[in-house]
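An overview of the molecular structure
Each chain, written out:
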Amino acid sequence: MTTAHPNSQPNSRPLSASKNEQQIQLPITGMSCASCVRRVEQALLKTTGVTAANVNLASEKADVSVTAGTSAATLTDTLTKAGYQTRSEQFELTIIGMSCASCVGRVEKALQRLPGVLSASVNLAAERAQVSALVGNVDQAQLVAAIKKAGYQAKPISAEREDDNARHQQELQSLKRDFGWSLALTLPVFILEMGAHVIPGMAQWVEATLGQTLNWSIQFVLTTLVLLGPGRRFLRLGLPALFRATPDMNSLVALGSLSAWGFSVVVLFAGHILPAGTQHVYFEAAAVIITLILLGRLLEARAKGRTGEAIQRLLSLQVNTARVQRDGESQELPLSEVQVGDCLLVRPGERIPLDGTVQSGSSYVDESMLTGEPIPVEKKQGDDVVGGTINKNGALSITTTKIGKDTLLAQIIHMVEQAQGAKLPIQALVDKVTAVFVPVVMAIAALTFAVWLWLGPTPALSFALINAVAVLIIACPCAMGLATPTSIMVGTGRAAELGVLFRKGQALQTLRNTKVVALDKTGTLTKGKPELTDLQVMPDFDEDETLALIAAVEQHSEHPIAEAIVAAAKARELTLATPEDFQALSGLGVSAQVSGKKVAVGADRYLTQLGYDLAAFSNTAQQLGTEGKSPLYAAIDGKLAAIIAVADPIKEGTPEAINALHALGLKVAMITGDNRHTAQAIARQLGIDEVEAEVMPDGKVAALQRLRKQHGPVAFVGDGINDAPALAEADVGLAIGTGTDIAIEAAEVVLMGGDLRAVPNALAISQATLTNIRQNLFWAFAYNACLIPVAAGVLYPAFGILLSPMLAAGAMAMSSVFVVANALRLKRFKA
């Protein structure tokens, strides 16, 4: 759940960065349901300086956009007043170069200006700085850089960043402990009160052995221990929220269990003041409610821990140290001390620490964490490498180009976190319901109590109490609050594992509604680099010798076709002689003397002008034409020698991708600047439905608008700088990850590899995620719509059916577990 609530505040709008704004990630503890989410959002949006706030129940984080200069401490104060807490981390740095108190003030201000920093304290005598920051907002490298910008040097001493996995394990242990104690204390209460219903003669034995007063007293002591011990987490959070007139799920549990316990206490110690026939205790209901809800929380926490596994796997790719070559010596340094331009040494089998360029050595690198492709990629001098990938078999010397949060892996983690925190348009309905849900449930419980007290059978007070408590307990805004974010977290995490990064979580829903997928040709459908695709020689000529002569002539030309021919010759390891008397005729061809032979290469009209009869290659030329290729001809020493075709080849996997898009029921269009004949030929070859050919770069936007008007929502896939406007214009823009940074910034979805098969994968996981969300929402709403009336007792007049508070507690606990477990099914999504 992420976008600010549409009806909450006028300044509630999607998060967007500007030079006058900062983004702060606010970790939140204590939220338990969708009502908490709304309460936190509204509190943050009322805070001075906050322009947008997006709260996610599943990740327990809020993305907050604030005006420059707004203190992070202001946000934490707002959270505290709303009844919630945040998490901070501590950093300690040694500072070199300070000489007076003004230096201290300068460093403190530099640190406090960083987004997410709560406080910064600098000690001149000790030459140290202690920094407290909200978890996940800054790292040591950023702190060091800020101090350096202020004119001083700094080195990190220690970092105590809280590990989310460790925190989750701590919460699990706490829930296990509380549930264990609650179960141990509740079982005797349950047996003493309910055993008589299943064990013949037990009621008489208890009465003869203990007596009613001692029996009820034992239940009172044990149930009180349950409430004040394991159940204290509900009372501690729920009662203050109730007193602030902002009740949440904890309030319902606290109110329900305390009502059953309180009535029982009155029966035990002052039963004479109650109407005849109502002196029954419900200690077992209060204790079992707490125990079952703790069990549900425990199971839910176990399941929720798995929703963030994608992020944990990405984080596990980061290494802690790097082997750095400095001053002729190799030294192992923490990653925070590595600087841009450092030389890193990477041995076979090690992970590459940071992004960089290969300075020396060659190896094969496993980049499957980026592209999903299992085949290692060859890396040699001058090639770029990415931190987190695995160096397979050779030693590499790498010059660092990016560090800290600038690395590709850090950006991927950030993108996945951003997408996992998204609030989709479908969430608007949930927000409207949860805004009034808990107060409405309390009103229904009060109405239930009143109706049963007025119209119920004897003892009316007992019926009224039990049914009102059942209504309070059965209601579950937890399931509503978890329905969307858990599916988004698992869906986007699984997408990241498949090389599909949702930069904007909203694209999950928008992409699912797409009717037509428009594809750029060059670099998207094709490799983007011309290659020699066809070479046919006359019977009297040797193929390699002919190619060597043609490439020798073309090596002096900078035309892409010439470069492709030369590259093909070099790939065959042919020796190219130096041409003499080189001549180039614009639009026709080239000629030269090579090793004493006269060689001419060019279009059909050029060879025809030179007097050559091209009929021998007429069938081949016709075939090339149907494939959208323009043939070239070569003549050597006055004889027609060869026909050549250079084309931008279709990427491997492109036909399969287009077939998959068709299988999803989508139209496929191609937008290209190529001539219509070539474009139509490629479209026929690939089975593309519509072609927008001879489109200038600034005409792609208009082409998309035409497609949208004709078919509906359109997704555009591109990779170049000239694709950026089209990526922004489309309902969803998908950028090929091998493309330019500008294209990637303009897109909502990034495909990390160059394989077009990631496009149907993105569409399919979008559809699967939205289907999963709808299933969760249906369950959450249907559960409450059906069971709240049952708990209120609407079935009693006709069928004599009432819902025990204990069964209500069990059903409520299981509803959240169901929602999270259903979301986890997305982990099994197959590409």
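Residues numbered from 1 in each chain as written. Predicted model: local features only at pLDDT ≥ 70, side-chain atom pairs only at ≥ 80, totals over all residues. Heavy atoms only, no water.

This brings us to the overall build of the protein chain. On a plain count of helices and strands, the protein chain comes out with 30 helices and 30 strands. Overall, the C-alpha framework of the protein chain stretches about 125 × 75 × 50 Å when taken along its three principal axes. Here the protein chain holds 831 residues, and 52% of them are scored as buried. For the protein chain, long-range pairs separated by at least 24 residues make up 70% of all intrachain contacts whose partners lie at least 6 apart in sequence. Total accessible area on the protein chain is roughly 35,800 Å²; 55% of this is exposed by carbon and sulfur atoms. (Helix = DSSP H or I, 4+ residues; strand = E, 2+ residues; numbered from the N terminus. Buried < 20%, exposed > 50% of the residue type's maximum accessible area, 1.4 Å probe, protein only. Contact = heavy atoms within 4.5 Å. Areas by Shrake-Rupley, 256 points an atom, 1.4 Å probe, with all protein chains shown as cover.)

Next up on the list: the pattern of salt bridges. Taken as a whole, this structure holds 19 salt bridges when the rule is applied. Ionic pairing is found between Glu367 and Lys379, a salt bridge with its closest N-O pair at 3.1 Å. Taken together, the residues Glu367 in the loop between β13 (363-366) and α12 (368-371) and Lys379 in strand β14 (residues 377-379) connect sequence positions twelve residues apart. Accessibility assignment for this pair places Glu367 and Lys379 in one class, buried. (Salt bridge = Lys/Arg side-chain N within 4 Å of Asp/Glu carboxyl O.)

What follows covers unusual backbone geometry. A cis geometry characterises the amide bond from Thr458 onward to Pro459, with omega recorded as -5 degrees. Note that Pro459 resides in the loop between α14 (427-455) and α15 (460-474). You will see that Ser595, though not glycine, has its phi angle at about 50 degrees, which is positive. On the secondary structure map, Ser595 appears in the loop between β22 (589-594) and β23 (597-602). Of note in this structure, Asp637 is not a glycine but carries a positive phi near 50 degrees. Note that Asp637 resides in the loop between β24 (631-636) and β25 (639-647). With relative accessibility at 45%, the residue Asp637 sits in the partly exposed group.

This part covers a nonpolar patch on the surface. Taken together, the side chains of Leu183, Leu187, Phe190 and Ile191 define a hydrophobic patch exposed on the protein surface, amounting to about 320 Å² of accessible area. Along the chain, Leu187 falls in helix α5 (residues 164-194). (Patch = residues over 30% accessible without salt bridge, like charges linked within 9 Å, V, L, I, M, F, W, Y side chains within 5 Å.)

Let us now look at the nonpolar core. Buried together is how nonpolar side chains tend to be arranged in soluble globular proteins. Membership of the largest hydrophobic core comes to 136 residues, with the highest contact counts inside it found for Met31, Phe502, Val717, Leu734 and Leu751. It is helix α28 (residues 758-792) that contributes the most residues to this core, 14 residues altogether. If near-sequence neighbours (up to four positions away) are discounted, Leu751 is found in contact with Gly499, Val500, Val717, Leu734, Ala735, Ile736, Gly737, Ala758 and Val759. Counting 28 residues, the second largest nonpolar core, distinct from the first, contains Leu576, Val599, Leu632 and Ile644. (Core = buried A, V, L, I, M, F, W, Y, C linked by side-chain atoms within 4.5 Å.)

Turning our eyes to something else, we now look at the sheet that holds β14. Taken in spatial order, the three strands of this open sheet run β14-β13-β16, and their pairing is antiparallel. In this open sheet, the two strands that pair with only one neighbour each are β14 and β16 (390-391). Where β13 and β16 come together, two bridges link them in antiparallel fashion. Across the sheet, residue Val365 finds its bridge partner in β16, namely Asn391. (Pairing = 2+ DSSP bridges.)

Our focus in this paragraph is empty space enclosed by the protein. In total, this model carries one cavity of 30 Å³ or more according to the counting rule given. For the largest cavity, the calculated volume is near 50 Å³. Ile293, Gly296, Arg297, Glu300, Cys478, Met812, Ala813 and Ser816 are the residues that line the largest cavity. Examining the composition of the lining of the largest cavity, we find that four residues originate from one element, helix α10 (residues 283-307), more than from any other. Here the residues of the lining of the largest cavity are counted per class, giving four nonpolar, two polar and two charged. (1 Å grid on protein atoms, 1.4 Å probe; cavity = no way out; pocket = protein on both sides within 12 Å on 5 of 7 lines; lining within 4 Å. Points joined across faces, edges and corners; volume = space filled by probe spheres on them. Nonpolar A, V, L, I, M, F, W, Y, C, P; charged D, E, K, R; others polar.)

It is worth spelling out the packing of aromatic side chains at this point. The geometry of an aromatic ring pair is captured by the separation of the ring centres together with the interplanar angle, meaning the angle of the planes. For the structure on display, the rule yields ten aromatic pairs. Seen in terms of ring centroids, Trp452 and Tyr796 are 5.3 Å apart; in terms of plane orientation they differ by 65 degrees. Their pairing is edge-to-face. Of this pair, Trp452 sits in helix α14 while Tyr796 sits in helix α29 (residues 796-799), placing them 344 residues apart in sequence. Classification of Trp452 as buried rests on a relative accessible area of 9%. Clustering of aromatic rings is evident, with ring pairs tying together Phe220, Trp261, Phe269 and Phe283. (Phe/Tyr/Trp six-rings, centres within 6.5 Å; stacked < 30°, edge-to-face > 60°.)

As a further point, take helix α23 (residues 654-663). Buried within α23 we find Thr654, Ala657, Ile658 and Leu661. For α23, the angular spread of the buried residues around the axis is 95 degrees, confining them to a single face. Elements in contact with the buried residues of α23: β19 (516-520), α18 (521-525), β26 (667-671), α24 (676-686) and α28. Gly665, located one to two residues past α23, shows a positive phi value of around 85 degrees. (Arc of directions from axis to C-beta.)

The description of two helices packed together rests on the angle between their axes and the distance between the axes. With their axes 10 Å apart at the nearest point, helix α1 (residues 34-45) and helix α2 (residues 72-82) run at an angle of 135 degrees to one another. With respect to their mutual orientation, α1 and α2 come out oblique. Crossing hand, α1 versus α2: right-handed. Facing Arg39, Val40, Ala43 and Leu44 of α1, the residues of α2 in contact are Leu75, Thr78, Leu79 and Ala82. The residue inventory of the contact of α1 with α2, partitioned by class, reads six nonpolar, one polar and one charged. (Axes fitted to C-alpha atoms, helices over the stretch in contact; angles between N-to-C directions. Parallel < 35°, antiparallel > 145°, perpendicular 65-115°, else oblique. Left-handed = near helix turned anticlockwise from the far one by under 90°.)

What follows covers the UniProt feature "transmembrane region" (unreviewed entry) in the protein chain. The feature "transmembrane region" (unreviewed entry), as annotated in UniProt, sits at residues 179-199, 214-231, 252-274, 280-299, 433-455, 461-484, 777-796 and 802-824 in this numbering. For residues 214-231, the end-to-end C-alpha separation is 24 Å, with 83% helix and 0% strand making up the annotated structure. A helix fraction of 92% and a strand fraction of 0% characterise residues 461-484, whose end C-alpha atoms lie 40 Å from each other. (UniProt positions renumbered as here; feature names shortened; annotations may be inferred.)

A rise of 1.5 Å per residue sets the reference length of helix α30 (residues 805-824), with its 20 residues, at 28 Å; its end C-alpha atoms lie 29 Å apart and thus fit the reference within 8%. For α30, the N-terminal cap is Ser804; the gap from its side-chain oxygen to the backbone nitrogen of Met806 is 3.1 Å. (Expected span 1.5 Å × (residues − 1). Polar contact = N/O pair within 3.5 Å; in protein donor to acceptor, adjacent residues only side chain to side chain.)

The next subject is the environment of Ser174. Relative to the helices and strands, Ser174 is located in helix α5. Sequence separation of Ser174 and Leu298 is 124 residues, and the distance between their C-alpha atoms is 9.2 Å. A polar atom in the side chain of Ser174 sits 3.1 Å from the side chain of Arg233.

This part is about the state of the cysteines. Counted according to the given criterion, the structure contains zero disulfides. Free cysteine Cys36: the closest other cysteine sulfur is in Cys33, separated by 3.9 Å. (Disulfide = S-S within 2.5 Å.)

Our focus in this paragraph is the sheet that holds strand β9 (residues 321-326). The six strands are arranged β10-β9-β11-β17-β12-β15 in an open sheet whose pairing can be described as antiparallel. In the strand order of this sheet, the two ends are held by β10 (329-334) and β15 (384-385), each with one partner.

Turning our eyes to something else, we now look at the environment of Ala823. Position of Ala823 relative to the elements: it lies in helix α30. Looking at Ala823, the relative accessible area reads 0%, which means it is buried. The spatial distance from the C-alpha of Ala823 to the C-alpha of Ala584 is 64 Å, given a sequence separation of 239 residues. Beyond its immediate chain neighbours, meaning those up to four positions away, Ala823 contacts Thr486, Ser487, Val490, Asn772 and Asn776.

Turning to its location among the elements, Asn761 is positioned in helix α28. A residue is classified by how much of its surface remains accessible, and Asn761, at 16% relative accessible area, is buried.

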